[in-house]
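Structure assessment
If you want the building blocks of each chain, they are given just below.
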Amino acid sequence: MESKIICPHCNGKKTIEGNCECNMEWRGSDGDEGWEDCKCEPDQKCPSCNGTGFIQSY
C-alpha cells in the first residue's frame, strides 16, 4: 500500500521561495518601475519531492 506524506522540505508547497538580499548600495533605476534595493533568486521546484508536495511512502 502506498501512502503520501507531506514533504517536510517545502511543507507541501511544491516550490521553495528564492532568497532575497537587500542593500541600499545596489539601488538603481529599472526604467519606469522605480528603485530596487533587493535582488531575489527565482523560486525553485522542491528537490526533495520533485515539485509534487508529497513524498511517496511504501
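The coordinates are above.
Being a predicted model, the structure only gives us computed values, none of them experimental.

The rules behind the values
- Residue indices begin from 1 for each chain and proceed along its sequence in written order.
- For a predicted model such as this one, the threshold for reporting local features is a pLDDT of at least 70, and the threshold for listing and counting side-chain atom pairs is 80 or more; totals across whole chains, interfaces and linings nevertheless cover every residue.
- Only hydrogens and water are set aside when side-chain values are computed; all heavy atoms of the structure are taken into account.
- Helix and strand definitions follow DSSP, with helices as H or I runs of at least four residues and strands as E runs of at least two, each counted in order from the N terminus.
- Between two residues, a contact is recorded if the distance between any of their heavy atoms is within 4.5 Å.
- Only a pair of cysteine sulfur atoms within 2.5 Å qualifies as a disulfide here.
- Here the term buried applies to any residue with accessible area under 20% of the maximum for its type, exposed to any over 50%, and partly exposed to those in between, with areas from a 1.4 Å probe on protein chains only.
- Counted as a polar contact is a pair of N or O atoms within 3.5 Å, where, for protein atoms, one must be capable of donating a hydrogen and the other of accepting one, and residues adjacent in sequence contribute only when both atoms are in side chains.

Time to look at the environment of glutamate 41. Along the chain, glutamate 41 falls in the loop between β6 (38-40) and β7 (44-45). In this structure, the C-alpha to C-alpha distance between glutamate 41 and glutamate 17, residues 24 residues apart in sequence, is 8.1 Å. Once you skip the residues sitting within four places of it in the chain, glutamate 41 turns out to touch Gly18 and Asn19.

So, on to the state of the cysteines. One pass over the full model with this rule turns up two disulfides. Here cysteine 20 connects covalently by a disulfide to cysteine 40, the sulfurs 2.0 Å from one another. Looking along the S-S bond of the cysteine 20-cysteine 40 disulfide, the torsion reads about 115°, which is the right-handed sense. Here cysteine 40 lies in strand β6 and cysteine 20 lies in strand β3 (residues 20-22), a separation of 20 residues in the sequence.

As a further point, take the environment of aspartate 43. Residue placement: aspartate 43 occurs in the loop between β6 and β7. When its relative accessible area of 52% is taken as the criterion, aspartate 43 is described as exposed. Among residues more than four places away in sequence, those in contact with aspartate 43 are Ile16, Glu17 and Gly18. A polar side-chain atom of aspartate 43 sits 3.1 Å from the main-chain amide nitrogen of glycine 18.

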